[in-house]
Amino acid sequence: MKDLTRSSTISEQKSNGYRNERMRILISGTKSFSQFLKKLTHRGEAGFADVAKSVQDILKRVRIQGDRALVQLTRKYDGWKATPENLRVSRRDMEVAWRSLSREERATLNFAAERIERFHVLQRQASWSFAEENGTILGQIVRPMARVGIYVPGGKAAYPSSVLMNAIPAKIAGVPEIVMACPTPKGYLNPVVPAAAYVAGVKTVFKIGGAQAIAAMAYGTQLIPKVDKIVGPGNTYVATAKRLVFGEVSIDSIAGPSEILILSDGSGSPAHLAADLLSQAEHDEQAAAILVCTSRIFAAEVLREISRQLPELPRKTIAERSLNGFGAIFIVRSLSEAAKISNDLAPEHLELAVRDPWMLLDKIENAGAIFLGHISPEPIGDFVAGPNHVLPTGGTARFSSPLGVYDFLKRSSLICLSPEGLKKLSAPAMRLARMENLEGHRRAIEKRQGR
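Cut-offs and rules
Residues numbered from 1 in each chain as written. Predicted model: local features only at pLDDT ≥ 70, side-chain atom pairs only at ≥ 80, totals over all residues. Heavy atoms only, no water. Helix = DSSP H or I, 4+ residues; strand = E, 2+ residues; numbered from the N terminus. Buried < 20%, exposed > 50% of the residue type's maximum accessible area, 1.4 Å probe, protein only. Areas by Shrake-Rupley, 256 points an atom, 1.4 Å probe, with all protein chains shown as cover. Lys, Arg positive; Asp, Glu negative; His and termini not counted. Charge placed at Lys NZ, Arg CZ, Asp CG, Glu CD. 1 Å grid on protein atoms, 1.4 Å probe; cavity = no way out; pocket = protein on both sides within 12 Å on 5 of 7 lines; lining within 4 Å. Points joined across faces, edges and corners; volume = space filled by probe spheres on them. Nonpolar A, V, L, I, M, F, W, Y, C, P; charged D, E, K, R; others polar. Contact = heavy atoms within 4.5 Å. Phe/Tyr/Trp six-rings, centres within 6.5 Å; stacked < 30°, edge-to-face > 60°. Lys NZ or Arg CZ within 6 Å of the ring centre and 35° of its normal. pLDDT = per-residue confidence, 0-100. Pairing = 2+ DSSP bridges. Axes fitted to C-alpha atoms, helices over the stretch in contact; angles between N-to-C directions. Core = buried A, V, L, I, M, F, W, Y, C linked by side-chain atoms within 4.5 Å. Salt bridge = Lys/Arg side-chain N within 4 Å of Asp/Glu carboxyl O. Patch = residues over 30% accessible without salt bridge, like charges linked within 9 Å, V, L, I, M, F, W, Y side chains within 5 Å.

Describing the overall build of the protein chain
When helices and strands are counted, the protein chain shows 17 helices and 15 strands. Along the first, second and third principal axes, the C-alpha set of the protein chain runs to 90 × 55 × 45 Å. Across the 451 residues that make up the protein chain, the buried fraction comes to 50%. For the protein chain, the accessible surface area stands at approximately 22000 Å², while carbon and sulfur atoms represent 52% of it. Here the protein chain holds 60 positive side-chain charges and 45 negative ones, and the gap between their average locations is 6 Å.

Encoded structure:
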């Protein structure tokens, strides 16, 4: 097959001073096809190495200097006159922000919160136990974490949906204290963010962002309490900080750039799929928007639609760079091959834009969130569908899951032996202890035998 990487591209346009760069079309079995797949799986890795030293310095400063470092770093990076007194957003401030919204905006936040709660309440887990015939009791105690930290991005845009998606599962899990941190460039905090915190029942919010916010929640300062777990997405500095504090606290994941993969059999609307690809490309320059299609003709129509719709986006510059760096259309021979590519990439968002999505679903093994059919666009999942939009990225859906209630729970095993149970288990346990050359273990069991 001919490699269409160069010949099939979005045509360059210069209308209104806008130049539309190419988006790759790659044919299965070609060298460029396999090379780009490899590029996708490694995107974003260089960013961690680039900022690691700076992040380590920030973490050290906050750990040693506490609030003084927070104030200095916030003044430096966010550019406003922060003090220990004005870094905190009170519950009253949250309520004022909530009341400042229009009736329609308040109704929208309530609607989203209700749907997120309705979905996540089904993830609750309960303690359990069972008794063996000899009276031994075994089980598991499930308890919420005592305090968790939520990081909400706030540099380029406001994300009230991230507040709801992170805080509501924690509340359902029974976490008694939620600490939220959000950057405020030039001291400005968009009211939709504290308003969402008010809806979600968050009582502690700080106007702190970046690696310094992660450090404060991980180590604790006089102002900010130490948490047990930090969740929520952020930029490269935030992701690197989370990676470095893991062990001091738990984290949800190392969030990478957003991604969407669409599997198509050539049915449906090219305009719809183009819009779905652009919806992720507008996130940031490293976002990946990929279409895997069995029809060259349909793929070309999607490509033309992207060319038409891209100049209309307010964030067209970001989307263009994303498509130029990590956008592609793969032409494959069958949906089975498409499913294999999907499983290899393990995408954050997967759309099955085919005639029979439920049949294709049987072939899907790895994905963060799966959208079935032509009328299930990914952006609905970002906001109001109900399932969590905090998803594994960068191929980690091979072993990770969406954020949920279970992420805010801890489990303890329960073992209560009866005399008969001890007698039954002692001999095999002592033999295993001897097999592992752990004589102290064997003797601790033997002592219970009265020997």
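Side note on empty space enclosed by the protein
Overall, the coordinates contain one cavity of 30 Å³ or more when judged by the stated rule. Within this model, the largest cavity holds a volume of roughly 30 Å³. Lining the largest cavity are Gly232, Pro233, Gly234, Asn235, Val238, Ala239, Lys242, Ser253 and Ala255. Grouping the constituent residues of the lining of the largest cavity by class yields four nonpolar, four polar and one charged.

A word on the side chain of Gln309
By the secondary structure assignment, Gln309 is in helix H11 (residues 296–309). Under the relative-accessibility criterion, Gln309 is labelled buried at 13%. Setting aside residues up to four positions removed in sequence, Gln309 forms contacts with Ala271, Ala274, Ala275 and Leu278.

Quick notes on the packing of aromatic side chains
This model, assessed by the stated rule, comprises two aromatic pairs. With 6.1 Å between their ring centres and 85° between their planes, Phe36 and Phe330 make a pair best called edge-to-face. Residue Phe36 is located in helix H1 (residues 31–41), and its partner Phe330 is located in strand S12 (residues 327–331); the two are separated by 294 residues in the primary sequence. The two residues Phe36 and Phe330 agree in class, both being buried. A cation over a ring is seen here: Arg106 above Trp98, with NZ or CZ 5.9 Å from the ring centre.

Considering the confidence of the model for the protein chain
Averaged over every residue, the pLDDT of the protein chain is 92; the share at 70 or more is 93%. Predicted confidence for residues 1–21 stays below pLDDT 50, and this span has 51 contacts to residues more than four positions away or in other chains.

Structural notes on the pairing of strand S1 (residues 24–27)
As a general feature of sheets, a regular strand has side chains that alternate between the two faces. Of the two faces of S1, the one holding Arg24 and Leu26 and the one holding Ile25 and Ile27 are both buried throughout. Two strands pair when backbone bridges link them, and S1 and S12 are joined in this way by four bridges, in the parallel orientation. Considered in S12, the bridge of Ile25 is made with Ile329.

Re the sheet that holds strand S3 (residues 128–131)
Taken together, three strands build an open sheet; the order of strands is S3-S4-S15 and the sheet is antiparallel. Edge positions in the sheet fall to S3 and strand S15 (409–416), since each has one partner strand and no second. The average undirected angle you get between the axes of adjacent strands in this sheet is 15°.

A word on the environment of Leu87
Within the secondary structure, Leu87 sits in the loop between helix H3 (67–78) and strand S2 (88–89). Residue classification places Leu87 among the buried positions, given a relative accessible area of 1%. Linking Leu87 and Thr74, residues 13 residues apart in sequence, is a C-alpha distance of 9.2 Å. Leaving out residues up to four positions away in the same chain, Leu87 has contacts with Val71, Thr74, Trp80, Ala82, Val205, Phe206, Lys207, Ile208 and Leu223.

Quick notes on the nonpolar core
One broad rule of soluble globular proteins: the nonpolar side chains tend to lie buried together. Within the largest apolar cluster, 40 residues are counted, with the highest numbers of intra-cluster contacts made by Leu164, Met180, Val193, Val202 and Phe408. Broken down by secondary-structure element, the contributors of at least two residues to this core are helix H4 (91–100), helix H5 (103–120), strand S5 (147–151), helix H6 (160–173), strand S6 (177–181) and helix H7 (192–200). In terms of residue count, the dominant contributor to this core is H6 (eight residues). Apart from residues lying up to four places away in sequence, Val202 is in contact with Arg91, Met94, Ala167, Ile178, Met180 and Ala197. Counting residues in hydrophobic clusters, the runner-up holds 33 residues, among them Val55, Tyr151, Ala213 and Ile214.

Comments concerning the pattern of salt bridges
In this structure the tally under the stated criterion is 17 salt bridges. Among the ionic pairs, Glu248 bridges to Arg63, the shortest N-O distance being 3.3 Å. Of the two residues, Glu248 sits in the loop between helix H9 (236–245) and strand S9 (250–251) while Arg63 sits in helix H2 (residues 45–65), which places them 185 residues apart along the sequence. The partly exposed category is assigned to Glu248, whose relative accessible area is 34%. The closest approach of N and O atoms between Lys229 and Asp407, which form a salt bridge, is 3.6 Å.

As for a nonpolar patch on the surface
A surface patch of nonpolar side chains, about 280 Å² in accessible area, is lined by Ile415, Leu417 and Leu425. For Ile415, the position within the fold is in strand S15. Residue classification places Ile415 among the exposed residues on the basis of a relative accessible area of 61%.

Quick word on the sheet that holds strand S11 (residues 288–293)
Sheet strands line up and pair through hydrogen bonds in the backbone, either parallel or antiparallel. Taking strand neighbours across the sheet as the criterion, the six strands line up as S1-S12-S11-S10-S13-S14 in an open arrangement whose pairing is parallel. Sheet topology places S1 and strand S14 (369–372) at the edges, where each strand pairs with a single neighbour. Between one strand axis and the next, the sheet turns through 20° on average, direction left out of account. Sheet topology note: the strand S10 (residues 259–264)/strand S13 (residues 349–353) ladder contains five bridges and is parallel. The residue of S13 that forms the bridge with Ile260 is His349. In the packing of helix H10 (residues 270–281) onto the sheet, contacts are made with S10, S11 and S13, and the angle to S10 comes to roughly 165°.

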